[in-house]
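Observations on the model geometry
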Amino acid sequence: MLALGAAALLAAGLPFWSTDQYQVHLASLICCYWVLIAGLNLVVGYSGQLSIGHVGLLSIGAYTFAILSGKWGLPPFVSVGVAGALCGFCGLLLGLPSLRLPGFYFAMATMAFALIVGEFALAQGDLTGGGVGLPVPSFPAPFDTPVGFYYLAVLGAVVVSVLTWNVARQMYGRGLIAIRDNPVTAQAVGVPVFRAKLTTFVFSGMTAGVGGALFGSLQSYITPDTFHFELSLFFFVCIIIGGRGSIVGPFLGVAVLTALPEVVAPLAKLGNFFYGLLLLLVVLVVPEGIGRVFELIAQRLRPRNSASVPVAPDLPRLAKAIAAIRAVPGEHPLSARVVTKQFGAVVALDQVSLELRPGEIHGLIGPNGSGKTTLLNLLSGYYQPSSGAIQLRGEELGQASVRRRAQLGVARTFQKPRLLGTLSVLNNVVLGAWTHVEPGFLSTALGLPRVARLDRVLTDQAAELLHGVGLSHAIERRANLLEHAEQRFLEIARGLAMRPSFILLDEPAGGLSNDEIEHLGDIIRTIREAGIGVLLVEHHTDFVFRVCDRVTTLDVGRMIRHGHPEDVRTDPEVIRVYLGA
Amino acid sequence: MWMVIVSGLAIGALFAATALSYNVMYSTSKVLSVTTGHIAMLGGVFGAYAITALGQPWWLGLIAAIVVGGLFGWLTDVIAIRRVLARSDEHLWLLSTLALATMVQQAVGLWWGTEPKPFPRLIPQDFSAGIADQKFWLPIALAGVMALGLEFFYRRTMYGKLFLAMSEDAFAARARGVSTDRIRVASYVIAGALGGLAGFAAGQLTFAYFALGLTLTLNGFIALAVGGLGSNLGALIGGLTLGLLNTFASYLFGGEYQQTIAVGLLMVVLLVRPEGLLGAQQIRPV
Amino acid sequence: MDMAQSRSYPPRSERPSERLLEVRDLRVAYGKAEVVHGVSFDVRAGEFVVMLGRNGAGKSTILHAISGLVPKRDGTVLFAGKDLSRVPPRETVLAGIVQVLEGHRIFQTLTVEDNLLIGTYARAPRGDRSKLDRVYAMFPEMAERRHQLASRLSGGQQQILAVAQGVIGDPQLLILDEPSGGLAPLVIDRILEVAAQLCAAGLAILLVEQLVEKALRHANFVYLIETGRVAAADTADAMREGDLVRRVYLGGGGHDS
C-alpha cells in the first residue's frame, strides 16, 4: 500500500519536475497500458491463463470510444463506460468456450481472436473507416490538454491498481494462484475454478476496454495497424518479466519496457526482437520474473533460520484451534454403500461398503491394486461410482463435485503433497478456508471491510492450526522450501482449515521417520477427539492397527474383512492376502 | 470453380504439412511449439534468397530450405525445449517457443524486409497455366509425399518404431536403452527439415514473407486440432478441409474474414468432438 | 505346498568373488523427500534374489536407481566390475542389466515382434532378428501372435511379452518388478517358472514381489526392505522359517516400523 501511495505521489508531481511534453506523453502511455495490463495481470500472472490476444480487446475499446464519441457524439465518459462494458462482454464470449481448453489451445484461441478483430476492423469500413482509420476525440476540459489527460490516465491507473491489489492479496487472489499452480488443490478446497477464471477474464476485458478508450484518445487517430499483434506480445511480456503473482512487478515491467526504446535508441529499431529476447532470457534464467530476483537478494540479506526444526505438535493448541473453527459437529456418517467402480473392463471396486463415522479413525488397508485409492477418490468426489451410492448425512452425494463435497465438509490430503510453492505456508493453509468465505470478485476488488476482516480472522485461525501441527517455525516460509514431512503436516493443517466433518488421509505416513509417524498419530487422535471422522489409507499396517478404531481391508477390489484392528490383523484371510499363497 | 478447389487444396496442403510437423515434434516431446509455422517461412525465404539473390539453381535452393529448416528445428530444441522440459512447470515451453518465434520473425523481417517478395519459378512454366500451375501442385504433391514418407518411417523403419515407442511411453523406452534425448532432438530436426521443404514447395503460393510464420502456426494448429492431435491422416484431412473452406469462403463472401472462418471451423469441431476428428480419446487415469 | 528350491546353494559368505551386482549406500530422493536411505545389497552370478517389502517401502525406486532411470543422491552401483553409478539407462542395459518394469509396460502401438526387436535395440540399433527364434521357442504364445498389435494381448500375455522383451536382450541380470500385478495365479506361476528356468541356466534374477509365498518358492536369497532401508537379509530358507516377514507386513508383537 505504501508503494502505491508513493508511486501515486510521484506520478502526480511529474508535470512539475519534467518540462518535456514528450515525457508526459510517455507517462500517459504507460498509464493507459497499465490499465489494460493490470487486468491482464490477474489473468496471466495470477490465474495462469496465457492470453496473448488482448490487443484485440484494446482495439475494440479504442474503436468503440472513437465511434461512440467521435462519430455519434456521445459524451466521452459515457463512451468509456460503454467501451469497458462491451469489452467485458467480449471477454465473456471469448472466455466461455476457450477457458476450458488446454494451455496451448487457449493461447491460440486468444491469438485468433486478436487477428479476427483486426479483420473486422479492416473489413467493416463503414463503421471503422477500414484501412484509413478513425480520428479519436479527446476528453472534455480540463482533460483535453496533455497534462490534463495525464492526470486522467493516472487516475485510471490508480483505480485499477487498487482493485487488482485488493484481489491479489486476499482470499480470491490465493484461489487464483491455486488455479494457476495446482488446479487439483484449488478444486479440493472448493474454489470454483472455471467461474473464477471466467470472472477474471471478463474483468480483464473491462480494463482493456477502458484502457483502449484512453489509449485511443491519447493517439488521437487509430487505424487497424495501430493494434498490431506484437502489442499483445508486449503486454504479455511485461507481466512475465515483471513476475507472475505480483502487482508491482508488471507495473515496473510496463514502465521500463515502454520507456526503454525511447531511451536506448538502437532498441527501438530492434523492436519486437528485443521483447522476444527478453522473454526468452527470463523464461530460461529467472522464470518467476525479475521481481523474484529482488526477493532472493532480500532473502540473502535477511538473517536466515536455516536449521530444519523437527515437527513437534502442540496438541492442546491444536485441539483449541480445531474447536475454534469447527461448525456444529456432524452426527451422520459418510458412507459408501455397495459401491462398484469400473474403468472400461477393469473392475477396481466390487460392491464395497464402508462407513466413516464422526469422531472415529477408520483405517483402509490392502495390497497394491486393491482399490484403496479408488475408494478414497470416490468418497472425495474425483470419481463417480458405476453403481451403488456415496452418502453423507443420509443424502446421496451422487454427482456432487469435488467442490461441493468441500462445501459439505469433506477434506482430503494427497499421496504426493500438493502445495502452492510460491505462497507462504500460512497462505497455503488460509486457502483451505475458501468455502468459509466464498469470496466474490467484486466484493474483494472493492476492498469491502467485511471481506478484509474475515480474511484477518481466518489468517489468525490458520496460524493457530499451524502451531498446533508443529509448524510454528515455518509459518512465513515459502511452501516450496519445506521438507517432505513438513509438507505432509501442512496438508493436514490445510484440510483442517476447511472446517471438515471428515478428513480423508491418503498415505500420510509415506516418507516419514518413526518420530514423525508418532506425531502424525497424535495429531490424528486429536482430530478424532474434536469429533471429526478420519479415514486413514495406509501401507504402514502396524501404524494403522495402532491408531485406528476400525479397519477395513480390501483385496482386488473386494472387501475381505473389517472390524477392530486386532481382529483384522489376526484374520487368516488378511494374512493370506498380504503374504500371498 | 476448379481454381477455387485447386487453390484451396494447395493452401490446405501447406496447413497439413505444418500440422504434420506439429505431430512429429509433439510425439517425442509432448510440446506444441509456436515456432512450427516459422519453419516453413524460413524455408520459403531462404529458398528464394538462394535462388534469386545468390543466383543458385533450384535444387540448391531446395537444399538450403531443408538445411535451414532442420537447423531451426534443432535450434528450437536447444534453446526453447531442452532446458525448459527439465523443469516441471507445464507452460514454460509455450513462453519459450513464443519468444523464439517472435525473435526469428523479427530478425527475418529486419533482414529480408517486411514486404512479401516473389518466389522464383522452380520448373519452367507459363504464368498462364491456370489450375495446372506448379504453385498449386508442388505443395499438394509435397504434403502427400510427406504423409506417405512419415507412414513408411513409422511403420517400416526401426528408427520410426522407436519414435512410436517413445511417444507412447518414454520411461519404458529409456528402460530399454533408448536414448530419448537424442530421439527428441532428431524429431525436431526432422520436423524442421520437413517444414522447410514444405515452405519451399509452397513458396510460389505464399511468396517469401516474413510474417507468414504466425498465421501458419495458427492455421496449422487449427488443421491439427480439427484432424486430431497425434493423427497424421487427421492432419491431412484437417489441413485440406481448412484450405478448401478458406478459398470457398473467399469465393462466396470475399476474402476479408479468412481468420474468422478458420476459427469458426475450429470452434465447431471442438464443441462437437474435442479430440478432433481422428484424435485419440483421452485415456482415463486409474 | 512345494517349497523345494531349484538347486542347493552354499551359504553366501563363501563366494564373495562372484558378486555380480554390488549396491552400496544407495540414496534416492524425489525432490526434497529422501525415499531410499543408504541401501546396500548384492546379487551373485546365477543367483535368484528376492526383495520383499510393503508398498511405499522404496523397492521400485531402488530398482529404477540401479538401472539409471532415476537420479541417485548418493551411493555406488557396481556391475561385473564396472561402475554404473552415474551412467544413463542405456549404459546399464549395455552392461547387461535388463529391467522389466512394473505394470507390463510394453508398447501397445507396436506389434509383438516389434516390441521384441526393441528389446534388442541397445546392442543392435537396427534390431537383431536372429535373437527372435530363441525367445519364440521359450514363449510359444508370443510366436503365435508375432504380428499382432500388443494392445490386443490380454494382461497376462502382455506381462509375458514384457518378460520376453527383457530376456531377448541377453542380460546377465534380469530385474523383475512385481510381475504379478493384477494377474491370474496360473500366469504368475508361469512367469516365475520361466524366471527359475533362466536362473538355472545361469541368468541372475532380482525379483521384487508382493506375493511372499510365491516369491520365496524359487528364491535363493531374500532382502527385506522397510521404509527405504534393508531391514533384514537372509537365505530364503531362513526367511520361510522365521516370523519376520509376517511381522513386517502385518505388524504387532513389538516390531517397530
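Given the structure is predicted, the values throughout are model-derived calculations rather than measurements. (Residues numbered from 1 in each chain as written. Chains lettered and ligands numbered in written order. Predicted model: local features only at pLDDT ≥ 70, side-chain atom pairs only at ≥ 80, totals over all residues.)

Scanning chain C from N- to C-terminus turns up 10 helices and 10 strands. Looking at chain C as a whole, 49% of its 257 residues qualify as buried. Contacts in chain C between residues at least 24 apart in sequence constitute 67% of all its contacts with a sequence separation of at least 6. (Helix = DSSP H or I, 4+ residues; strand = E, 2+ residues; numbered from the N terminus. Buried ≥ 20, exposed ≤ 12 C-beta atoms within 10 Å, placed from the backbone. Contact = placed C-beta atoms within 7 Å.)

Along its length, chain A carries 27 helices and 12 strands. Once the C-alpha set of chain A is aligned to its principal axes, its extents read approximately 90 × 55 × 40 Å. Expressed as a percentage of the 581 residues in chain A, the buried residues total 56%. A separation threshold of at least 6 residues defines the contact pool for chain A, and within that pool the share at least 24 residues apart is 77%.

Here the focus is the domain arrangement of chain C. Residue and element names in this part refer to chain C. Taken domain by domain, chain C comprises domain 1 (20–96 + 171–252) and domain 2 (106–170). Counting from both sides, the interface comprises 13 residues of domain 1 and, opposite them, 11 residues of domain 2. Residue assignment for the side of domain 1 that touches domain 2 shows that the elements contributing at least two residues are α2 (89–95) and α7 (185–200). Taken together, the residues of the side of domain 1 that touches domain 2 break down into 11 nonpolar, one polar and one charged. (Domains from an automatic or database assignment. Nonpolar A, V, L, I, M, F, W, Y, C, P; charged D, E, K, R; others polar.)

On to the interface of chain B and chain A. Taken together, the contact between chain B and chain A spans 28 residues of the former and 30 residues of the latter. For the side of chain B that touches chain A, the elements supplying multiple residues, two or more each, are α3 (58–86), α4 (92–112), α10 (212–227) and α12 (258–272) of chain B. The dominant element in the side of chain B that touches chain A, judged by the number of residues it contributes, is α4(B), at 10 residues. Of the residues contributing to the side of chain B that touches chain A, the split by class is 17 nonpolar, six polar and five charged.

Looking now at the sheet that holds strand β2 (residues 33–44) of chain C. The antiparallel open sheet is built from four strands, whose spatial order is β2-β1-β4-β5 (chain C). In this open sheet, the two strands that pair with only one neighbour each are β2 and β5 (82–83) of chain C. (Pairing = 2+ DSSP bridges.)

A few words on the sheet that holds strand β10 (residues 229–235) of chain C. Residues and elements named next belong to chain C. The strand order across the open sheet built from six strands is β6-β7-β8-β3-β9-β10, with neighbouring strands paired in mixed fashion. Of all strands in the sheet, those bounded by a partner on one side alone are β6 (97–100) and β10. Within the sheet, the average angular offset between the axes of one strand and its neighbour, ignoring direction, is 15 degrees. Two strands pair when backbone bridges link them, and strand β9 (residues 221–226) and β10 are joined in this way by six bridges, in the antiparallel orientation. Residue pairing for β10: Phe 221 is matched across the bridge by Thr 235. (Axes fitted to C-alpha atoms, helices over the stretch in contact; angles between N-to-C directions.)

Facing the 21 residues of chain C at the interface are 15 residues of chain B. Partitioning the side of chain C that touches chain B into residue classes produces 11 nonpolar, six polar and four charged.

Here we come to the nonpolar core. Of all hydrophobic cores here, the largest spans 284 residues; its most connected members are A:Val237, A:Leu279, A:Val429, A:Ala493, A:Leu536 and B:Ala16. The leading source of residues in this core is helix α2 (residues 21–46) of chain A, at 16 residues. Of the domains in this structure, domain 1 (2–298) and domain 2 (315–579) of chain A are the two that each give at least three residues to this core. Once residues lying within four places of it in the same chain are set aside, the contact partners of A:Leu279 are A:Val237, A:Ile240, A:Ile241, B:Leu95 and B:Ala99. Counting residues in hydrophobic clusters, the runner-up holds 88 residues, among them C:Val43, C:Phe79, C:Leu174 and C:Ala236. (Core = buried A, V, L, I, M, F, W, Y, C linked by C-beta atoms within 7 Å.)

Turning to the domain arrangement of chain A, a few remarks are in order. Residue and element names in this part refer to chain A. Looking at the assigned domains, one finds that chain A contains domain 1 (2–298) and domain 2 (315–579). A C-alpha centroid distance of 41 Å is found between domain 1 and domain 2. Taken together, the contact pairs 23 residues of domain 1 with 25 residues of domain 2. When residues of the side of domain 1 that touches domain 2 are traced back to their parent elements, those giving at least two are α7 (146–169), α8 (171–181), α9 (183–188) and α10 (193–219). Top element by residues in the side of domain 1 that touches domain 2 is α8. It accounts for seven residues. Partitioning the side of domain 1 that touches domain 2 into residue classes produces 12 nonpolar, nine polar and two charged.

Here we take up the packing of α3(B) against helix α8 (residues 180–201) of chain B. Residue and element names in this part refer to chain B. Put simply, α3 and α8 touch, their axes get as near as 7 Å, and they point 145 degrees apart. Crossing angle aside, the handedness with which α3 passes α8 is right-handed. Partitioned by chemical class, the residues of the contact of α3 with α8 number 14 nonpolar, nine polar and two charged. (Left-handed = near helix turned anticlockwise from the far one by under 90°.)

For the rest of this paragraph, the subject is the packing of helix α4 (residues 76–98) of chain A against α10(A). Residues and elements named next belong to chain A. Close contact between α4 and α10 brings their axes to 7 Å; oriented N to C, the two are set at 145 degrees. The interaxial crossing formed by α4 with α10 has right-handed handedness. When the residues that make up the contact of α4 with α10 are grouped by side-chain class, the tally is 15 nonpolar, nine polar and no charged.

Next up on the list: helix α17 (residues 372–380) of chain A. Residue and element names in this part refer to chain A. Extensive coverage of α17 is indicated by the burial of nine of its nine residues. Where α17 is concerned, the buried positions are Lys 372, Thr 373, Thr 374, Leu 375, Leu 376, Asn 377, Leu 378, Leu 379 and Ser 380. Phi turns positive, to about 100 degrees, at Gly 381, one or two residues after α17.

Look at helix α3 (residues 55–71) of chain A: 22 Å from first C-alpha to last across 17 residues, which is about the 24 Å you get at 1.5 Å a residue. A:Gly73 lies just past α3(A) and shows a positive phi near 70 degrees. (Expected span 1.5 Å × (residues − 1).)

A word on the pairing of strand β3 (residues 334–343) of chain A. Residue and element names in this part refer to chain A. The pairing of β3 with strand β4 (residues 346–356) spans seven bridges and is antiparallel. From the neighbouring strand, Lys 341 faces β4, where its bridge partner is Leu 349. In this antiparallel pair of consecutive strands, β3 and β4, the connection spans two residues, and Gly 344 shows a positive phi of 65 degrees. Where β3 meets strand β6 (residues 387–392), five bridges bridge the pair, whose relative direction is antiparallel. Bridge pairing in β6 places Arg 337 opposite Ala 389.

Okay, the confidence of the model for chain A next. Counting all residues, the mean pLDDT for chain A is 88, and 96% of those residues have values of 70 or more. Within chain A, the element-level pLDDT minimum falls on helix α1 (residues 2–17) of chain A, averaging 70, and the maximum on helix α19 (residues 425–431) of chain A, averaging 96. (pLDDT = per-residue confidence, 0-100.)

Residues shown with low pLDDT carry predicted positions that ought not to be read at fine detail. Residue and element names in this part refer to chain C. Averaged over chain C, the pLDDT score is 85; the fraction of residues at 70 or greater is 89%. The secondary-structure element of chain C with the lowest mean pLDDT is helix α10 (residues 244–250), recorded at 69, while β6 shows the highest, at 95. In this model residues 1–10 is a low-confidence stretch, pLDDT under 50, and it forms 10 contacts with partners more than four residues away in sequence or in other chains. Long-range and interchain partners of residues 253–257, a stretch whose pLDDT sits below 50, account for 11 contacts in this model, where long-range means more than four residues apart.

A separate point is the pairing of strand β5 (residues 361–365) of chain A. If a strand is regular, its side chains alternate between the two faces of the sheet. Residue and element names in this part refer to chain A. Burial analysis of β5 places five of its five residues in the buried class, the great majority of the element. Burial along β5 is two-sided: the face carrying Ile 361, Gly 363 and Ile 365 and the face carrying His 362 and Leu 364 are both buried. Inspection of the sheet shows β5 paired to strand β10 (residues 533–537) by four bridges, in the parallel sense. Looking at β10, one finds that Leu 364 is bridged to Val 537. In the sheet, β5 pairs with strand β11 (residues 550–555) via four bridges, with the strands oriented parallel. In the sheet register, Gly 363 faces β11, and the bridge partner there is Val 551.

A word on unusual backbone geometry. Phi is positive for B:Phe207, which is not a glycine, with a value near 65 degrees. The phi dihedral of C:Asp170 is positive, around 55 degrees, even though this residue is not glycine. Within the fold, C:Asp170 resides in the loop between α6 (155–167) and β7 (173–177).

The next subject is the environment of C:Leu173. Residues and elements named next belong to chain C. As for its position among the elements, Leu 173 is in strand β7. Of the residues examined, Leu 173 has 23 C-beta atoms within 10 Å and is grouped as buried. Once the C-alpha coordinates of Leu 173 and Val 98 are considered, the two residues, 75 residues apart in sequence, prove to be 6.4 Å apart. Not counting residues within four places of it along the chain, the set of residues in contact with Leu 173 comprises Leu 20, Leu 21, Val 43, Gly 96, Ile 97, Ala 204 and Leu 206.

All names here are of chain B. You can see Leu 150 is positioned in helix α5 (residues 134–156). Here Leu 150 falls in the partly exposed class, since 19 other C-beta atoms lie within 10 Å of it. Sequence separation between Leu 150 and Leu 20 is 130 residues; the distance between their C-alpha atoms is 8.8 Å. Those residues in contact with Leu 150 that sit more than four places away from it in its chain are Leu 20 and Asn 232.

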